[in-house]
Amino acid sequence: DFSAIYGKDLLPDRDGEELTQGFLQALVNILLAHVKTTFDRSTKVLDFHHPHQLKEGLEGFSLELPEQPENLEQLLVDCRDTLKYGVKTGHPCYFNQLSSGLDVVGLAGEWVTSAANTNMFTFEISPVFILMEEVLLKKMREKVGWAHEEGDGIFCPGGSMSNLYSILVARHRYFPKTKTQGMTCAPRLALFTSEHSHYSIRKAAGVLGIGTENVFLVKCDKRGKMIVSDLESSIARAKAGGWVPFYVNATAGTTVYGAFDPLPEIADVCERHGLWMHVDAAWGGGLLLSRRHAGKLRGIERATSVTWNPHKLMGVPLQCSAILLRQKGLLQECNQLCAEYLFQPDKHYDVTYDTGDKSIQCGRHVDVFKLWLMWKAKGSEGFGCQVNWCLENAEYLFNKLEKRPDFELVCKTKPEHSNVCFWYLPPSIRAMSRGPQRNSRLHEIAPKIKAAMMEEGMLLIGYQPLGEKPNFFRCVFSNPATRKEDVDFLIDGIVRLGCD
Ligand code: ABU
């Protein structure tokens, strides 16, 4: 019982050792219970409460901060309740986001990282983690197909940041004076990305002062793949209009459809026009570890930079994202500012390992250890099997839905990734003929089912509209805990909640 014990009684308090051990063991018990229930199919994915309900406080769980310290018993209750009212993203029936699952070794890695509580800016304070980052970046570049080049890269907070790095470094490569003089010394730059690509490309153009209006959105075919002839004509249109094209983003695994852009053809275009070719493989990068599926990224080896998120398909705990560069030195040159208080050149060790100045951040979280530990635990082969399993689940769902009259697939062809997009058609919709009226009714179905799903809590799946298409469900598989029985449960759940 910790009701008479306070934070000040723990280490470094002189007599705090035993209490610290007791408190942390009690916490570990809470965490273990969370891990166990995460994989328990009879438990809910979420215990939904509206924001105002959580803010008002629930059964002794208050978000308000006190003036006086609270005892450790209360803190343990708060830890338990924080997990209770959160979402179990590792639950086998959590299909909501590209990142899901709860890898136990990855979790152990995260705990070790938190206990180490250090920063990635210098070798001086992160000797082991800095070298692990080097090892991981090299391994990932090898998987991309750059084994024989020196290359570079950095782990950063998420795919959007990785994509931002790619544009920043590309601009530096062609217009290095922008580092010191800003956009006044650059022409009107144009960059190209498909209409199905991630919004982070446009966001980065805004952040970097290039401007979102200078991002040309290239058309996609009905499977969501970039149409290369439209890329060619967009480049020609930009040049004719006075823009200077410098960068093309190709996507390997689009966010909604999971489509792969035709990388070899895009590489040909980039070569012909002397453009930087980036591949956003945030979602698709994991396929490089699968012998069965790696061929879907053929052509990635011709890219100049690659975004790859191990926290997505590889199931590494959030967050873990890398930007990989084919050419060494550019990242440093682009971002280095040599702050004397951190990056002293006269340290007694090889200061090229003070890699923090390559980053646009100062402080940088250690995101590498959990990935390194998981790679040790699984090997590349194990990651490959995990990826295959996720794609088998997607194929199972696709095959089931294809045969059912109460569901309609958005893409009729077998999924290349683990995304399966579909509409549920309740009887009232099935009775309607196709057209705008049916579409506007159909648009309301997925949000209604999702609302009921959240209130009930047994499943979670996302939906969105896309272009002219009314709201449809997107099921994504990245959780190795998910089995065929969970896919069946998903289908039955949607029918149960949506049938009119
Ligand atoms: N790029 C963020 C992924 C969003 C999602 O999980 O759908």
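Note that the coordinates shown come from a computational prediction; the quantities given were computed from them, not determined experimentally. (Residues numbered from 1 in each chain as written. Predicted model: local features only at pLDDT ≥ 70, side-chain atom pairs only at ≥ 80, totals over all residues.)

## Quick word on the packing of helix α14 (residues 436-456) against helix α15 (residues 484-498)
Axis separation between α14 and α15 bottoms out at 9 Å; the angle between their running directions is 100°. Relative to α15, the element α14 is oriented roughly perpendicular. On α15, the residues that touch Ile445, Ile449, Ala452 and Met453 of α14 are Gly493, Ile494, Leu497 and Gly498. Each residue belonging to the contact of α14 with α15 can be placed in one class, and the counts come to six nonpolar, two polar and no charged. (Axes fitted to C-alpha atoms, helices over the stretch in contact; angles between N-to-C directions. Helix = DSSP H or I, 4+ residues; strand = E, 2+ residues; numbered from the N terminus. Parallel < 35°, antiparallel > 145°, perpendicular 65-115°, else oblique. Contact = placed C-beta atoms within 7 Å. Nonpolar A, V, L, I, M, F, W, Y, C, P; charged D, E, K, R; others polar.)

## Digging into the domain arrangement of the chain
Per the domain assignment, the segments making up the chain are domain 1 (7-88), domain 2 (119-367) and domain 3 (375-498). If you average the C-alpha positions of domain 1 and of domain 3, the two centres end up 34 Å apart. In this complex, domain 1 contributes seven residues to the contact, which on the side of domain 3 involves seven residues. Looking at the side of domain 1 that touches domain 3 residue by residue, the class counts come to five nonpolar, no polar and two charged. (Domains from an automatic or database assignment.)

## Let's talk about the site of the ligand
Close to the ligand lie Gln97, Leu98, Gly159, His198, Thr255 and Ala282, which account for all nearby residues. For the shell around the ligand, a count of residues per class yields two nonpolar, four polar and no charged. (Near = placed C-beta within 6 Å.)

## With respect to the UniProt feature "modified residue: N6-(pyridoxal phosphate)lysine" (unreviewed entry) in the chain
Under the UniProt annotation, the feature "modified residue: N6-(pyridoxal phosphate)lysine" (unreviewed entry) is placed at Lys312. By the element assignment, Lys312 lies in the loop between β7 (305-308) and β8 (321-325). Those residues in contact with Lys312 that sit more than four places away from it in its chain are Leu98, Ser99, Ala282, Trp283, Gly286 and Ser478. (UniProt positions renumbered as here; feature names shortened; annotations may be inferred.)

## As for the pairing of strand β12 (residues 469-476)
As paired strands, strand β10 (residues 419-424) and β12 are joined by four bridges and run antiparallel to one another. When the sheet's bridge partners are listed, Val420 is paired in β12 with Cys475. Judged from the four bridges that link them, strand β11 (residues 460-466) and β12 form a sheet pairing that is antiparallel. Following the sheet pairing, Leu466 is matched in β12 by Lys469. Counting the residues that bridge the hairpin from β11 to β12 gives two residues, and of these Gly467 lies at a positive phi of roughly 60°. (Pairing = 2+ DSSP bridges.)

## A few points about the sheet that holds strand β2 (residues 152-156)
Reading across from one edge, β2-β8-β7-β6-β5-β3-β4 is the order of the seven strands in this open sheet, with mixed pairing throughout. Edge positions in the sheet fall to β2 and β4 (215-218), since each of these pairs with one other strand and no more. Here the average twist between neighbouring strands, direction ignored, is 20°. Here strand β3 (residues 189-194) runs beside β4; their pairing, made up of four bridges, is parallel.

## Description of the nonpolar core
Judged by nonpolar contacts, the single largest core of 115 residues is most densely connected at Leu191, Val248, Ile266, Met277, Ile300, Leu324 and Phe473. By residue number, the principal contributor to this core is helix α12 (residues 369-402), which donates 13 residues. Filtering out sequence-adjacent residues up to four positions away, Phe473 remains in contact with Cys421, Phe422, Tyr424, Ala446, Ile461 and Tyr463. (Core = buried A, V, L, I, M, F, W, Y, C linked by C-beta atoms within 7 Å. Buried ≥ 20, exposed ≤ 12 C-beta atoms within 10 Å, placed from the backbone.)

## Notes on helix α9 (residues 228-240)
For α9, which comprises 13 residues, the first-to-last C-alpha distance of 18 Å matches the rise-based estimate of 18 Å (1.5 Å per residue) to within 8%. Among the residues making up α9, those that are buried are Leu231, Ser234 and Ile235. Each buried residue of α9 sits inside an arc of 100° when the element is viewed along its axis, so together they form one side. Away from the buried face of α9 by more than 90 degrees, exposed residues Ser229, Ala236 and Ala240 are located. As for α9, its buried residues are in contact with β3, β4, β5 (244-251) and α10 (263-273). Among the residues trailing α9, Gly242 stands out with phi positive, at a value near 95°. (Expected span 1.5 Å × (residues − 1). Arc of directions from axis to C-beta.)

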